[in-house]
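For reference, the chains in residue letters:
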Amino acid sequence: MDVLVRQAHPGPGAPAYHSVEEKLASARAYQRDEATPWTVLVDDLAGTVHQVYGGLSDPTYLIDADGRVAHYTMWTHVPTVHQAIEALVEQGGRGVVRGGLDRLPHMLPWMTAGWRGLQRGLPQSFTDLETAAPGTASATWLGYQLRPLLAPLTLRATPLPVPARIALLAGVAAAVALGARRRKRD
Amino acid sequence: MIARDAAQQFAALDGKMEVDDYNFAHFRTKHLLADLRATLAKQGVRPGDMAPDFALPRPEGGSVRLSELRGRPVLLHFGSFT
């Protein structure tokens, strides 16, 4: 089930909510745009349920058959959630699985998937995010354009080993440095 | 609307946001920092704890109460249109 909370990145086409009716209309648009086959629910204007469940921007809870939290992914990451579901099925639908908590901010998948949401609030959503955390809005756009290439990384259930992460960062840094050098030469 | 358990727990919640702060008009650095602080503090419902009950409306009409889904696992995602 999806619970619709506040506008995370408001803008002219998707302003902050002032009523539950606005949220319901927004949820209907979301269902239409995304053709969601799952249940969509709408929290109240104060975000009562959202705040009780921690208030993070994009969390996922897996709740077991007894109504207890089996796994809590604080920054939703589909492969991690998928592994938790498989583990819960394997142990009969009850109990805590895979340590119960994943609080790793999976930034790369967020960068490739976040653009679709950000698009709805353009241009303000972009400028606000870029001002709040320089480079992230641009990275989200770039990540979305490059998503087929990045899929082997974004769909990994486990983070890359440290040497691979260092090599990747070094490669990006080298590409940026080369680009800057070429630009200076021109 | 709505939230039986959740409303009681919300009333007792430390550091809850008021309606206007919650529905901010502009995303700011403080919102990102709040998420990072919440992550470090493991804010939310702990694994093994009962998921607070609630009943929320569906956009197409009707509502869903979490406790009525007992007997099978439930995937609960909180997200934004933007």
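Values in this document were obtained by computation on a predicted structure and should not be read as measured data.

A. Quick look at the overall build of chain A. On a plain count of helices and strands, chain A comes out with nine helices and five strands. Put simply, chain A runs from its N terminus to its C terminus through helices and strands in the order β-α-β-α-β-β-α-β-α-α-α-α-α-α. Each principal axis of the C-alpha distribution contributes one length, and for chain A these read about 65 × 40 × 25 Å.

B. The arrangement of the confidence of the model for chain B in detail. In the predicted model, chain B carries a mean pLDDT of 93, and 95% of its residues have values of at least 70. As a predicted assembly, this complex carries a pTM of 0.88 together with an ipTM value of 0.94.

C. Spotlight on the interface of chain A and chain B. Taken residue by residue, the interface counts 71 residues in chain A and 54 residues in chain B. When residues in the side of chain A that touches chain B are grouped by element, the largest group, six residues, is from helix 1 (residues 20–34) of chain A. A breakdown of the residues in the side of chain A that touches chain B according to their chemical character gives 38 nonpolar, 21 polar and 12 charged. Looking at chain direction, strand 1 (residues 2–4) of chain A and strand 3 (residues 74–79) of chain B are connected through three bridges and run parallel. Of the residues in strand 3 of chain B, the one forming a bridge with Leu4 of chain A is Gly79 of chain B.

D. Structural detail: the sheet that holds strand 3 (residues 60–63) of chain A. One open sheet accounts for six strands, arranged 2(A)-1(A)-3(B)-3(A)-4(A)-5(A); its pairing is mixed. Every interior strand has two partners, whereas the edge strands, strand 2 (40–42) and strand 5 (101–102) of chain A, have only one. Judged from the two bridges that link them, strand 4 (residues 69–73) of chain A and strand 5 of chain A form a sheet pairing that is parallel. Its bridge partner lying in strand 5 of chain A, Thr73 of chain A is registered against Asp102 of chain A. Lying on the sheet, helix 1 of chain A is in contact with strand 1 and strand 2 of chain A; it crosses strand 2 of chain A at an angle near 165 degrees.

E. View of helix 9 (residues 162–185) of chain A. Spanning 24 residues, helix 9 of chain A covers 34 Å between terminal C-alpha atoms, matching the ideal 34 Å at 1.5 Å per step. Burial analysis of helix 9 of chain A places just zero of its 24 residues in the buried class, a small minority of the element.

What counts and what doesn't
- Residues numbered from 1 in each chain as written.
- Chains lettered and ligands numbered in written order.
- Predicted model: local features only at pLDDT ≥ 70, side-chain atom pairs only at ≥ 80, totals over all residues.
- Helix = DSSP H or I, 4+ residues; strand = E, 2+ residues; numbered from the N terminus.
- pLDDT = per-residue confidence, 0-100.
- Contact = placed C-beta atoms within 7 Å.
- Nonpolar A, V, L, I, M, F, W, Y, C, P; charged D, E, K, R; others polar.
- Pairing = 2+ DSSP bridges.
- Axes fitted to C-alpha atoms, helices over the stretch in contact; angles between N-to-C directions.
- Expected span 1.5 Å × (residues − 1).
- Buried ≥ 20, exposed ≤ 12 C-beta atoms within 10 Å, placed from the backbone.

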